[in-house]
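Residue-level listing of the chains:
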Amino acid sequence: MLLIKNLHANVAEEGRKILKGVDLTVGKGEVHAIMGPNGSGKSTLANVIAGRETYEVVEGDVLLNNESLLELEAEERAHQGVFLAFQYPVEIPGVSNAYFLRTALNANRKAQGLAEMDAAQFMTHIREKVKLLGLPQEMLTRSVNEGFSGGEKKRNEIFQMAVLEPALCVLDETDSGLDIDALQTVAHGVNSLRSPDRAFVVVTHYQRLLNFIVPDFVHVMMDGRIVQTGGRELALELEDKGYGWIEQQVAAQV
Amino acid sequence: MLLKQYERELDKVLARAEGSGADMPAWVKDLKAKGLRTHREHGVPTPKVEDWKYTPLRDFSERDWKVAEPGPAVFKAELPRYDAGSVRIVLVNGRYDRNLSETAPGVTTVSLRDAMVSHGALIEARLAQAGPDTTKTVDREIRPDVFTFGELNTASFEDGLFLMVEPGVEVAPLLEVVHVLCAEDGEPTIAFPRILVIVEDGARIRFTETYVTDGCNDSACVPVTEVFVGGGADVEHVRVQDQCACSTHIGLWQTRQQAESSYRSYNVCFGSKLGRLDQGIWIGGEQTVTRLDGVVCANGEQHLDNHTRLDHAVPNGNSFEIYKQVIDDSATVVFNGKIFVHQDAQKTDAKQTNQALLLSPNATIDSKPQLEIFADDVKCTHGATVGQLEDLPLFYMRQRGVPRDAAEAVLVYAFAAEVLELISIEPVRRALEKRLYSKLGIDLT
Ligand SMILES: Nc1ncnc2c1ncn2[C@@H]1O[C@H](COP(=O)(O)OP(=O)(O)OP(=O)(O)O)[C@@H](O)[C@H]1O
Ligand SMILES: [Mg+2]
């Protein structure tokens, strides 16, 4: 489903190199976890997949279902099924959460040739998902993420994901800042979306999340590259030993 | 500098006013003569005049303006209406149109010309007197400049609207005053709408004033609106300038507020190529609430200039002023907000904010807040910001599938909404929201 080939990306304005040759293959129905030290480029990778213009791809390609995403605008990628749950969800004062999500849903439906939903149809459509994520009703009427607690913001991301039903879900540290119950709610939300047609890339620092969302593969990213890949036991090993030993291995290879 | 060609027309206007003016009381003729003298004395301001520095009138003054004739009975475009249940009053080229205007119990809505006879003494005491109290603005620092186009209007208007609410009366329906400007193709036509609004003690009314052109035409509108808000009265006044993009609008809007009254005013500017509005509010009684908010959306080659002057002449006044200005393409917006807190006006609480959102690298804003405080125990704040649409919220919305232009529109609306949402008349708010979207070229169905 997702194929990343030798991806190099820079900060567009200053030219600083961040991604230095990422290779990653994600099949349909799979869950891939990406771990790695702070500043290794995980969020950059997620943002490049989603089409953030702050970064400039200088080499390599990102393919979704065999089609390159690189020439597409962020919204076109979304219409192709790319979803990014932000590490830092953005506040949009003055725009209600429900209005925003309906606008987004209708934009996606329009792109797919489906009829748009009016406010009433939309409310019916999201009822189940609201329950699934245990979202208080008032969070729908408040401005997007404005004044939401850290945990509420993350829950709101997964709620939006559940409503939009994307094909490729990229979760950037959705577990950070969640209390134990919220972590379970969010994991439950993610798991309920798992399907043979949908893939997940989950960026996390903690093995704990992976107890709830069990990955098929675990990757370690360092200095802009994926340097190690394994099964879920790799996450346990990292939890135990940290990143030092991988760093040494990488250094030895050079 | 004078309105060159218009000079010739003026004589015609005056002759007409006098000729058909058998019914015009002598005091009106005197007032008009004085208006003309003052206008001639001051002429059309050049950019050397501080208040006109950013708004050049050269082109305007050199056009060959014809005075607008009474308009046609049939219009090219449908006249606006916000609320199906409202009472709509129509002025065509500045003249009250009896056939097109509705009436409502509890509120007097008549031709200004007729009212000069039926309510002569009242009108003589109020007409052209809603501006700053000249006995209290003798000092040079607070003396208002002559607004020469107000004088020109006084000299030139032939008829207008008189709107009055008797003491204690609460007018239930919304009143919509529609000013429609008609002109022959390719004929620069100038109109002088005049409305006088008197809301007596303890009365309540909500009304809109909308300026439109009938289709696209080359007209200039030089209106004067005067509002007297009586003691304890409650008034909400929404002024919408939505003329076509080749027209001109140079208006004066003055209000006097008495004790314990509430006056919430909103200045919404979407239209005209060249637009200038001077809004003044004189707070002459204590314990008042005043709003003078603005939403300005300019694009293309538009030049929209708003000057506001708020006089806190007595203690214990609360005023709020928020201006939200959206500027695209190579449009220019000018904002000048003066607040005078007079020496007696202790315990004044005045807040002013003006914010501009630039959507294009060629968009320009010139803004100047001007707080002049002569009392010592007051709370006054002002703030001005100029910004662009932020990259991150845009990306966030686009990531969710919202196309870029729609995402921009949503963010622009959110910016302007802080003011639009203060308007308590829901159908008006909705219509303005829709109009803002359509002006931004967005079809959000
Ligand atoms: N827009 C930018 N401008 C400048 N530097 C940037 C920009 N974006 C990312 N970087 C830098 O690139 C590196 C990788 O950042 P990134 O956010 O991708 O790391 P990360 O792996 O997600 O880290 P964390 O685990 O802390 O979230 C960091 O050194 C960061 O400072
Ligand atoms: Mg990160």
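Now for a quick tour of the structure. (Residues numbered from 1 in each chain as written. Chains lettered and ligands numbered in written order. Predicted model: local features only at pLDDT ≥ 70, side-chain atom pairs only at ≥ 80, totals over all residues. Heavy atoms only, no water.)

**Digging into the pairing of strand E12 (residues 234-241) of chain B**
All names here are of chain B. With 7 of its 8 residues buried, E12 lies for the most part within the structure. Pairing of strand E9 (residues 204-213) with E12 involves 8 bridges; the strand directions are parallel. Along E12, the bridge assignment pairs Tyr211 with Gln241. Judged from the 8 bridges that link them, E12 and strand E14 (residues 262-269) form a sheet pairing that is parallel. Bridging from a neighbouring strand, Arg239 pairs with Asn267 of E14. (Buried < 20%, exposed > 50% of the residue type's maximum accessible area, 1.4 Å probe, protein only. Helix = DSSP H or I, 4+ residues; strand = E, 2+ residues; numbered from the N terminus. Pairing = 2+ DSSP bridges.)

**Concerning the side chain of B:Thr108**
Residue and element names in this part refer to chain B. Relative to the helices and strands, Thr108 resides in strand E4 (residues 107-111). Thr108 sits in the buried class, given a relative accessible area of 19%. Contacts of Thr108, omitting those with residues within four sequence positions, involve His119, Phe162, Leu163 and Met164. (Contact = heavy atoms within 4.5 Å.)

**Some thoughts on the packing of helix H4 (residues 119-132) of chain A against helix H6 (residues 150-164) of chain A**
Residues and elements named next belong to chain A. Packing of H4 against H6 brings their axes to within 10 Å, and their N-to-C directions diverge by 125°. The angle between H4 and H6 falls in the class oblique. Where H4 crosses over H6, the two elements pack in a sense that is right-handed. Between H4 and H6, the residues in contact are Phe122, His125, Ile126, Lys129 and Val130 and Phe159, Ala162 and Val163, respectively. The residue makeup of the contact of H4 with H6, split by class, is 6 nonpolar, 1 polar and 1 charged. (Axes fitted to C-alpha atoms, helices over the stretch in contact; angles between N-to-C directions. Parallel < 35°, antiparallel > 145°, perpendicular 65-115°, else oblique. Left-handed = near helix turned anticlockwise from the far one by under 90°. Nonpolar A, V, L, I, M, F, W, Y, C, P; charged D, E, K, R; others polar.)

**Here's the deal with the sheet that holds strand E2 (residues 87-92) of chain B**
All names here are of chain B. Strand order in the open sheet formed by 10 strands is E3-E2-E6-E9-E12-E14-E16-E18-E20-E22, with mixed pairing between adjacent strands. Unpaired on one side and paired on the other, strand E3 (95-96) and strand E22 (379-388) mark the two borders of the sheet. Together, E14, strand E16 (288-298), strand E18 (317-327) and strand E20 (349-358) form the strand contacts of helix H8 (residues 404-420), whose direction differs from that of E18 by roughly 155°.

**Let's talk about the coordination of the magnesium ion (ligand 2)**
All names here are of chain A. Only Ser43 (OG) and Gln87 (OE1) from the protein reach the magnesium ion (ligand 2) as donors, at distances of 2.0 to 2.2 Å. On the criterion of sequence distance, the pair formed by Ser43 in helix H1 (residues 42-50) and Gln87 in the loop between strand E6 (82-85) and strand E7 (92-96) is long-range, its members being 44 residues apart. Relative accessible area serves as the criterion here: at 22%, Ser43 is assigned to the partly exposed category. (Donors = N, O, S within 2.8 Å, 3.2 Å for Na, K, Ca; no water.)

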